[in-house]
Amino acid sequence: MSAVTSFFTPGLIGAMTVPNRIVRSATHEGMTDGDGQVTPRYAGCMSALAEGGVGLIVTGHLYVREDGRVHRGQAGIDSDRFIPPLRHVADGVHRHGARIVAQISHAGAFAAPRSDGVLPVAPSAVPDPHYWQVPAALTGEGIAALVRAFVDGALRVKDAGFDGVQLHAAHGYLLSQFLSPSRNVREDAYGGSAANRARLLAEICAEIRSQAGRGFAILVKMNGADLVEGGLEPVGAVETAAQLANAGVDAIEVSGGVLMRKPAPIFRTKIDTAADEGYFRSFAKAVKQRVAVPVISVGGWRSPQEIDRVLASGDADFVAMSRPFIREPDLVRRWRGGDDRRATCNSCNRCLRAALSEAGLCCPVQAEG
């Protein structure tokens, strides 16, 4: 048997007991009917992760409004019609003893261009080479409507039987744009200081907590740094994390970078040695030193020994992965059984391209034998 056992212990996220410390980090699956509804294959993907030993599954992001959709294959949560198929997903995961939360988002300036020429919304009408459109700045009424959309989405997630929700405030999407000094140049209560830039996110969290109750877990995924000029820096990220903890967030997953930067620093390749793993660990550590709520470290984790070390160090309370589970959905079960070899994923990122195609999220390397 493997001597690596620390991540097999249960952990608490709010009132939710997670059976172990391994999290499936959100990744777009592309397994929808093209109209925002998840398919039986999507449900099977989540059930396989639960059966394979993942303690907490975070779904790929679901759009809370049609104007915040990134592409046709993305799943939605802006209508009650999405609840029944998602309930089937949650039931399948719970059958295997795992927990599941749905990540919800609005793409903001990163939303798919519309044929009618209507501009996407964002905190400010700022041109940026990382986006393909100059957005329209949100009005006060627009911000209030956005809060309502996120809260309504979260309540639908709860109605579907999920254990919680994760607000996507990382990687350059709308909530991340509000946190970024380069994207948010507002001069009202939602811009300027780090506290003001985080106000929208904190208000959404507080309103979800008020309406969903203490038993429903609220998580946030945010950047420890944007890694682009003028973007969110580690000092500001730590301040934001503390503000979110005070607003009632139950756990914070700490990532980094924006998707629009090329090459994207989020999905790094050539993770060949232990030294390559945990490339956002320092961001998680900085947040963990400031907040009392659980912190989830994501970014290139591949071996149980390194996961064991980061948890033992106290730099994080949970560790999240995704690409390894695309190739090996039963990875945690393999480790629990004593086979503690590192994940077989070679970080080629072909799975991410597949997710944007008709194939949906899969490992092309494994399919080729």
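Residues numbered from 1 in each chain as written. Predicted model: local features only at pLDDT ≥ 70, side-chain atom pairs only at ≥ 80, totals over all residues. Heavy atoms only, no water.

Draft legend 1. Fine view of the overall build of the protein chain. Scanning the protein chain from N- to C-terminus turns up 13 helices and 13 strands. Its C-alpha atoms give the protein chain a radius of gyration of 19 Å, near enough to 21 Å, the size a compact globule of 369 residues would have. Judged by the C-alpha coordinates and their principal axes, the protein chain covers about 60 × 40 × 40 Å. Taking all 369 residues of the protein chain together, 60% fall into the buried category. A separation of at least 24 residues holds for 69% of the contacts in the protein chain among residues at least 6 apart in sequence. If the 40 positive side-chain charges of the protein chain are averaged to one point and the 38 negative ones to another, these points end up 3 Å apart. (Helix = DSSP H or I, 4+ residues; strand = E, 2+ residues; numbered from the N terminus. Rg over C-alpha atoms; globule rule 2.2 N^0.38 Å. Buried < 20%, exposed > 50% of the residue type's maximum accessible area, 1.4 Å probe, protein only. Contact = heavy atoms within 4.5 Å. Lys, Arg positive; Asp, Glu negative; His and termini not counted. Charge placed at Lys NZ, Arg CZ, Asp CG, Glu CD.)

Draft legend 2. Structural context of helix H3 (residues 140-159). In a regular helix each residue adds 1.5 Å, so 20 residues correspond to 28 Å; H3 covers 29 Å between its end C-alpha atoms and thus fits that length. When we look at burial in H3, the residues that qualify are Gly 142, Ile 143, Leu 146, Val 147, Ala 149, Phe 150, Val 151, Gly 153, Ala 154, Arg 156 and Val 157. If you follow the buried residues of H3, they end up packed against helix H2 (83-94), strand S6 (99-105), strand S9 (164-169), helix H4 (174-179) and helix H6 (199-212). Backbone geometry just downstream of H3 places Gly 161 in the positive-phi region, at approximately 90°. (Expected span 1.5 Å × (residues − 1).)

Draft legend 3. Representation of the pairing of strand S10 (residues 217-223) in the model. Extensive coverage of S10 is indicated by the burial of seven of its seven residues. Across the two faces of S10 the burial is the same, with Ala 217, Leu 219, Lys 221 and Asn 223 and Ile 218, Val 220 and Met 222 all buried. With six bridges joining them, S9 and S10 adopt parallel strand pairing. When the bridges of S10 are listed, Gly 164 appears paired with Ala 217. Here S10 pairs with strand S11 (residues 251-255) via five bridges, running parallel. Across the sheet, Val 220 pairs through a bridge with Ile 252, a residue of S11. Of the crossover connections in this fold, the one passing from S10 over helix H7 (residues 234-246) to the parallel S11 is right-handed. (Pairing = 2+ DSSP bridges. Right-handed = clockwise from strand over helix to strand, strands pointing away.)

Draft legend 4. Quick peek at the environment of Leu 244. For Leu 244, the position within the fold is in helix H7. Here Leu 244 falls in the buried class, since its relative accessible area comes to 0%. A C-alpha to C-alpha distance of 11 Å links Leu 244 and Met 222, two positions 22 residues apart in sequence. The contacts of Leu 244, once residues within four sequence positions are left out, are Leu 201, Ala 202, Cys 205, Val 220, Met 222 and Val 249.

Draft legend 5. The arrangement of H7 in detail. When the terminal C-alpha atoms of H7 are compared, their 19 Å separation across 13 residues agrees well with the 18 Å that a helix rising 1.5 Å per residue should span. Buried within H7 we find Gly 236, Ala 237, Val 238, Thr 240, Ala 241, Ala 242 and Leu 244. Those residues of H7 that are buried lie in contact with H4, helix H5 (194-197), H6, S10, S11 and helix H8 (281-288). Looking one or two residues beyond H7, the residue adopting positive phi is Gly 248, at roughly 105°.

Draft legend 6. Quick look at unusual backbone geometry. Positive phi, close to 65°, is recorded for His 171, a residue that is not glycine. Mapped onto the elements, His 171 comes out in the loop between S9 and H4. Even without a glycine there, the phi angle at Leu 227 is positive, about 65°. You can see Leu 227 is positioned in the loop between S10 and H7. Under the relative-accessibility criterion, Leu 227 is labelled partly exposed at 33%.

Draft legend 7. Just the packing of aromatic side chains, in detail. Using the criterion set out here, one finds five aromatic pairs in the structure. The interplanar angle of 55° and the centroid separation of 5.4 Å between the aromatic rings of Phe 110 and Tyr 173 together place this pair among those described as tilted. On the criterion of sequence distance, the pair formed by Phe 110 in the loop between S6 and strand S7 (121-122) and Tyr 173 in the loop between S9 and H4 is long-range, its members being 63 residues apart. Given a relative accessible area of 12%, Phe 110 falls into the buried group. (Phe/Tyr/Trp six-rings, centres within 6.5 Å; stacked < 30°, edge-to-face > 60°.)

Draft legend 8. Region of the structure containing empty space enclosed by the protein. This model, assessed by the stated rule, comprises two cavities of 30 Å³ or more. In terms of lining, the largest cavity is formed by Arg 323, Ile 326, Arg 327, Cys 345, Asn 346, Ser 347, Cys 348, Asn 349, Cys 351, Cys 363, Pro 364 and Val 365. With three residues, the single largest contributor to the lining of the largest cavity is helix H10 (residues 323-327). Taken together, the residues that form the lining of the largest cavity break down as seven nonpolar, three polar and two charged. The wall of the second largest cavity is formed by His 28, Glu 29, Gly 30, Met 31, Thr 32, Tyr 42, His 61, Gly 73, Gln 74 and Ala 75. (1 Å grid on protein atoms, 1.4 Å probe; cavity = no way out; pocket = protein on both sides within 12 Å on 5 of 7 lines; lining within 4 Å. Points joined across faces, edges and corners; volume = space filled by probe spheres on them. Nonpolar A, V, L, I, M, F, W, Y, C, P; charged D, E, K, R; others polar.)

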